[in-house]
Amino acid sequence: VWISGTLGTDSSGNPTLDATAGTALLLPTSGAGLVTGTASGSLIVTLQELGDVAASSLNFAGTGPTSGQDASASAYSVSIPSSISTSAATAGAAVGFRGFVTPFGSAPPDFAAASLINYSQTETVFDASWTSPGIAAPFSLLSGSELLLSPATLKASAHDVIRIGGMTVDPATLSAGLELLPDTSASTEQSFAIVHAKSDTEDNFSTFNDLATALTADLNGTTTVMQVMAQGAYATGALTADHVVVVLND
């Protein structure tokens, strides 16, 4: 909100603002989430943030006329004006929206959007780290066509985040984990590396397949992974990566 009025003080000397003859303006709120479904004139999203606050920090009690109709971060309903196309908002897509939260006690829908942002072509950064001594088998699939970090692996991390433009996604909300896939675009500059923390050395590779081959050899049951970083384009639980760095505790 944006409130104007007359500045004063109370009997204890604390500042006050008398808005009796002033104004109170409700400002638009921004939100972001991952699409889980669509309905007529609305999207259902796994809400990641609202008003720059993580969804996990919000309390939605009382937002609906009954507790069963209260908003839920796991199934947040966003109404979309008919003039805005939702064709790109397929299941799993990352979207942003801007508008106003539904008046308290009247959800659903939980939010009335005035604009919709499609993040499908936005540069994405993934970063996850595990406390020492690291994790022995972070990839449930490890091949030249895919590195898969399972939900259990992501939840075991000390820190993990997916940053899509101005949107932050909690990797733990990805029910199938996160796939790191090779970028087959010939026009994209690509780099891949394995950092050996204890020996302070680095192996660099020109292809995703070479990285996967080296990781298969390095992860021999005694070497652990401390950190995984990747950059590329995100879509439905997968990051098509043109840059990947894996830090090993060796």
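These lines cover the structure that appears in this document, whether it is placed above or below. Just so you know, these numbers come straight off a predicted model, no measurement behind them.

### Quick notes on the packing of aromatic side chains
Next, step 1: Following the criterion strictly, the structure yields three aromatic pairs and no others.
Next, step 2: Ring centres of Phe60 and Tyr76 lie 5.9 Å apart, and the angle between their planes is 50°; this geometry places the pair in the tilted category. Of this pair, Phe60 sits in the loop between β5 (53–54) and β6 (76–79) while Tyr76 sits in strand β6, placing them 16 residues apart in sequence.
Next, step 3: By relative accessible area, which is 13% here, Phe60 ends up buried.

### Quick notes on a nonpolar patch on the surface
Next, step 1: There is a patch of nonpolar side chains on the surface, built from Val1, Ile3, Leu7, Leu17, Leu26 and Phe100 and spanning about 640 Å² of accessible area.
Next, step 2: Tracing the backbone through its elements, the reader meets Ile3 in strand β1 (residues 2–9).
Next, step 3: Classification of Ile3 as partly exposed rests on a relative accessible area of 42%.

### Re the environment of Gln231
Next, step 1: In this fold, Gln231 is placed in strand β17 (residues 225–235).
Next, step 2: Residue class for Gln231 comes out partly exposed when judged on its relative accessible area of 30%.
Next, step 3: Separated by 68 residues in sequence, Gln231 and Arg163 place their C-alpha atoms 9.5 Å apart.
Next, step 4: The contacts of Gln231, once residues within four sequence positions are left out, are Glu123, Thr124, Val125, Leu239, Thr240, Ala241, Asp242 and His243.
Next, step 5: Only 2.8 Å separates the side chain of Gln231 from the side chain of Glu123, close enough to count as a polar contact.

### Some details on the nonpolar core
Next, step 1: Core analysis: the largest hydrophobic core is formed by 37 residues, its most contacted members being Phe126 and Leu178.
Next, step 2: If near-sequence neighbours (up to four positions away) are discounted, Leu178 is found in contact with Phe126, Leu147, Leu148, Leu149, Leu154, Ile162, Tyr234, Gly237, Ala238 and Leu239.
Next, step 3: Grouped together as the second largest cluster of nonpolar side chains are 16 residues, Leu43, Leu50, Ala71 and Val78 included.

### Side note on the side chain of Thr124
Next, step 1: The residue Thr124 is located in strand β9 (residues 123–129) in this model.
Next, step 2: With relative accessibility at 1%, the residue Thr124 sits in the buried group.
Next, step 3: In contact with Thr124, not counting residues within four places along its chain, are Ile162, Arg163, Ile164, Ala230, Gln231, Gly232, Ala233, Tyr234 and Leu239.

### Points about the pairing of strand β4 (residues 42–50)
Next, step 1: Counting buried residues along β4, eight of its nine residues qualify, which places the element largely inside the surrounding structure.
Next, step 2: Alignment of strand β3 (residues 29–39) against β4, held across eight bridges, turns out to be antiparallel. Looking at β4, one finds that Ala39 is bridged to Ser42.
Next, step 3: Two successive antiparallel strands, β3 and β4, enclose a turn made up of two residues, where Gly41 displays a positive phi of approximately 75°.
Next, step 4: Pairing analysis gives four bridges linking β4 to β6, with the strands arranged antiparallel. Looking across to β6, one finds that Ile44 is bridged to Ser77.
Next, step 5: Of the pairings in the sheet, the one linking β4 to β5 comprises two bridges and is antiparallel in character. The partner of Leu50 across the bridge, within β5, is Val53.
Next, step 6: Between the end of β4 and the start of β5, which pair antiparallel, lie two residues, with Gly51 showing a positive phi angle near 60°.

Each value, and the rule that gives it
Residues numbered from 1 in each chain as written. Predicted model: local features only at pLDDT ≥ 70, side-chain atom pairs only at ≥ 80, totals over all residues. Heavy atoms only, no water. Phe/Tyr/Trp six-rings, centres within 6.5 Å; stacked < 30°, edge-to-face > 60°. Helix = DSSP H or I, 4+ residues; strand = E, 2+ residues; numbered from the N terminus. Buried < 20%, exposed > 50% of the residue type's maximum accessible area, 1.4 Å probe, protein only. Patch = residues over 30% accessible without salt bridge, like charges linked within 9 Å, V, L, I, M, F, W, Y side chains within 5 Å. Areas by Shrake-Rupley, 256 points an atom, 1.4 Å probe, with all protein chains shown as cover. Salt bridge = Lys/Arg side-chain N within 4 Å of Asp/Glu carboxyl O. Contact = heavy atoms within 4.5 Å. Polar contact = N/O pair within 3.5 Å; in protein donor to acceptor, adjacent residues only side chain to side chain. Core = buried A, V, L, I, M, F, W, Y, C linked by side-chain atoms within 4.5 Å. Pairing = 2+ DSSP bridges.

Nothing here speaks to function; it is geometry throughout.
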